[in-house]
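Remarks on the overall topology
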Amino acid sequence: MFNFYAGPAGLPRPVADRIQRELSDFQGTGMSIMEISHRAPQVEWLLADTAARTQRLLRLDESYEVLLLQGGGSMQFAMVPMNFSAPGEPVDYIDTGYWAGRSIKDPRLLGRDVALAGSSADRGYTYVPPPESIRVRPNARYLHLVTNNTVEGTQFHRPPRAAVPIIADMSSDLMSDVFDPDAYHLAYAHAQKNIGIAGVTLVVVRRSMLERIEAELPAVLDYRVHSAHRSNFHTPPTFAIYVSWLMLGWLADEIGGLAAMGAINRRKAQILYDYLDGSSCYRAVAEPASRSLTNVVFTLPTPELTRRFLDEAEDAGFVGLAGHRTVGGCRASLFNGVTVESVRRLVDFMHDFERGVSSLSPTASRRLDTGERSPR
């Protein structure tokens, strides 16, 4: 089975195998990590070492703190404005598609003065605004962006610069390549893409940002509380954190760090995009300069052909290739757990499928011959 789901995503085989081996005995305790109290020394060590592994992989200095939270990226949509702004204060966002749009709803609901510093809606979210085109209000409390857009298949390859704190939803590309600590004041990622399974959200935050928080907040929504309790304020998702701990170890010890992982991920994307660009059957949706390295979104000439492709792909063992429900089409997600060989096998299947176009309907055949495209 070749897993191209957009999340939860596949785990590397060595990580999945180790989970199976240790499922009933975590580090000689005779108990599963799922059974051990979150106040036990083994779990306190696991929390601390997961944060330490994150610090090392991202090359963070002591000015940064790592938090292991719950609620996914969606919880962060509310926590960010609640912690770093007050009702009526200006906060700036970049609109690049579905998840960026979701992130904008909560600050508006909370009464913030929300403005768009940039948007790619004018061309159907097929690109991300160039960093130099982004206009941030000088009095904005922060600028928020989604670095990789899983639905649209676009990605910022250069972070924007601003005179205000920059906050990034990196749920689908954190730990996929080298990280620039100077680019962001806070970055967050739910783990089920590149660094584990659903249940834990990794937050990297500058300590100076925690000092900016002034509001009285519900404890579970206050970054300061989680920092003071070392991510153990309330029962943490211990099994999900354990899987992330394994993933971080795999990245460091078996892959060789984020530079090596980034080279692998770029190779996977190149193999697939090169094929798409040379095909008369498939079309990559995102504009070339903004193409995502982790979510390759593509279309076929007709809805009927798309359904046939997806059905035959699943029969051949390629799962998770359907596009997001809001846009349709197809999507191959190339997260860290996807191997180069899996991408090669997918391209082989796509090539074989394309060779079978002689059996297409006359309308679809005409669209292939002329390059005409059906609507997204």
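Keep in mind that what you see is a predicted model, and the values were worked out from it rather than measured.

This next bit is on the overall build of the chain. Per the secondary structure count, the chain includes 11 helices and 14 strands. In terms of C-alpha radius of gyration, the chain reaches 22 Å, essentially the compact-globule figure of 21 Å for 376 residues. For the chain, the spread of C-alpha atoms along the principal axes amounts to about 65 × 55 × 30 Å. Every one of the 376 residues in the chain was classed for burial, and the buried ones make up 56%. Sequence-distant contacts in the chain: of pairs separated by 6 or more residues, those separated by 24 or more amount to 68%. Accessible area of the chain: about 15900 Å², with a carbon and sulfur share of 51%. Distance between charge centres in the chain, computed from 39 positive and 42 negative side chains, equals 3 Å.

All right, on to the sheet that holds strand β14 (residues 330–333) then. Read from one edge of the open sheet, three strands run β11-β12-β14, paired in antiparallel fashion. Whereas interior strands pair on both sides, the edge strands pair on one side only; in this sheet they are β11 (283–284) and β14. Relative to β14, strand β12 (residues 295–299) runs antiparallel, the two sharing four bridges. Bridge pairing in β14 links F298 to C330. Packed onto the sheet, helix α8 (residues 258–277) meets β11, β12 and β14 and runs at close to 15° relative to β12.

Right, let's talk about the side chain of S85 for a bit. If you trace the backbone, S85 turns up in the loop between α3 (72–84) and β3 (90–95). Side-chain polar atoms of S85 contact the backbone oxygen of P81, separated by 2.7 Å. Ignoring any residue separated from it by four or fewer positions in sequence, one finds S85 in contact with V91, R112, R141 and Y142.

Next up on the list: empty space enclosed by the protein. Across all of its chains, the model carries one cavity of 30 Å³ or more by this definition. By volume, the largest cavity amounts to about 50 Å³. In terms of lining residues, the largest cavity is bounded by L68, L69, Q70, H226, S231, H234, P236 and P237. Looking at the lining of the largest cavity residue by residue, the class counts come to four nonpolar, four polar and no charged.

Our focus in this paragraph is the packing of aromatic side chains. Inspection of every chain in the model, using the stated rule, returns 18 aromatic pairs. Aromatic pair F84 and Y223: ring centres 5.6 Å apart, planes at 20°, arrangement stacked. Of this pair, F84 sits in helix α3 while Y223 sits in helix α6 (residues 223–228), and the two are 139 residues apart along the sequence. Comparing F84 with Y223 shows no difference in burial state: the two are buried. For the cation-ring pair, R123 lies above Y127, with the distance from its terminal atom to the ring centre recorded as 3.9 Å.

Another aspect to go through is the packing of helix α1 (residues 13–22) against helix α7 (residues 238–255). Working note: a packed helix pair is described by the angle between its axes plus the distance between those axes. Running from N to C, α1 and α7 point in directions that differ by 135°, and their axes come no closer than 10 Å. The angle between α1 and α7 places the two elements in the oblique class. In this structure, α1 meets α7 at a crossing whose hand is right-handed. The segment α1 lies against α7, with P14, V15, R18, I19 and E22 engaging F239, Y242, V243, W245, L246, M247, W250 and E254. Residue composition of the contact of α1 with α7, by class: 10 nonpolar, no polar and three charged.

Take the sheet that holds strand β5 (residues 143–146) next. Strand order across the open sheet formed by seven strands is β2-β10-β9-β8-β5-β3-β4, with mixed pairing between neighbours. Each having just a single partner strand, β2 (64–69) and β4 (113–119) make up the two edges of the open sheet. Strand-to-strand twist of the sheet, defined as the mean angle between neighbouring strand axes without regard to direction, takes the value 20°. Where strand β9 (residues 186–190) and strand β10 (residues 201–206) come together, five bridges link them in antiparallel fashion. Paired with A189 across the strands is L202, a residue of β10. Each of β2, β3, β8 (166–169), β9 and β10 is contacted by α3, which is oriented at about 155° to β9, the strand it contacts most.

Parameters and conventions
Residues numbered from 1 in each chain as written. Predicted model: local features only at pLDDT ≥ 70, side-chain atom pairs only at ≥ 80, totals over all residues. Heavy atoms only, no water. Helix = DSSP H or I, 4+ residues; strand = E, 2+ residues; numbered from the N terminus. Rg over C-alpha atoms; globule rule 2.2 N^0.38 Å. Buried < 20%, exposed > 50% of the residue type's maximum accessible area, 1.4 Å probe, protein only. Contact = heavy atoms within 4.5 Å. Areas by Shrake-Rupley, 256 points an atom, 1.4 Å probe, with all protein chains shown as cover. Lys, Arg positive; Asp, Glu negative; His and termini not counted. Charge placed at Lys NZ, Arg CZ, Asp CG, Glu CD. Pairing = 2+ DSSP bridges. Axes fitted to C-alpha atoms, helices over the stretch in contact; angles between N-to-C directions. Polar contact = N/O pair within 3.5 Å; in protein donor to acceptor, adjacent residues only side chain to side chain. 1 Å grid on protein atoms, 1.4 Å probe; cavity = no way out; pocket = protein on both sides within 12 Å on 5 of 7 lines; lining within 4 Å. Points joined across faces, edges and corners; volume = space filled by probe spheres on them. Nonpolar A, V, L, I, M, F, W, Y, C, P; charged D, E, K, R; others polar. Phe/Tyr/Trp six-rings, centres within 6.5 Å; stacked < 30°, edge-to-face > 60°. Lys NZ or Arg CZ within 6 Å of the ring centre and 35° of its normal. Parallel < 35°, antiparallel > 145°, perpendicular 65-115°, else oblique. Left-handed = near helix turned anticlockwise from the far one by under 90°.

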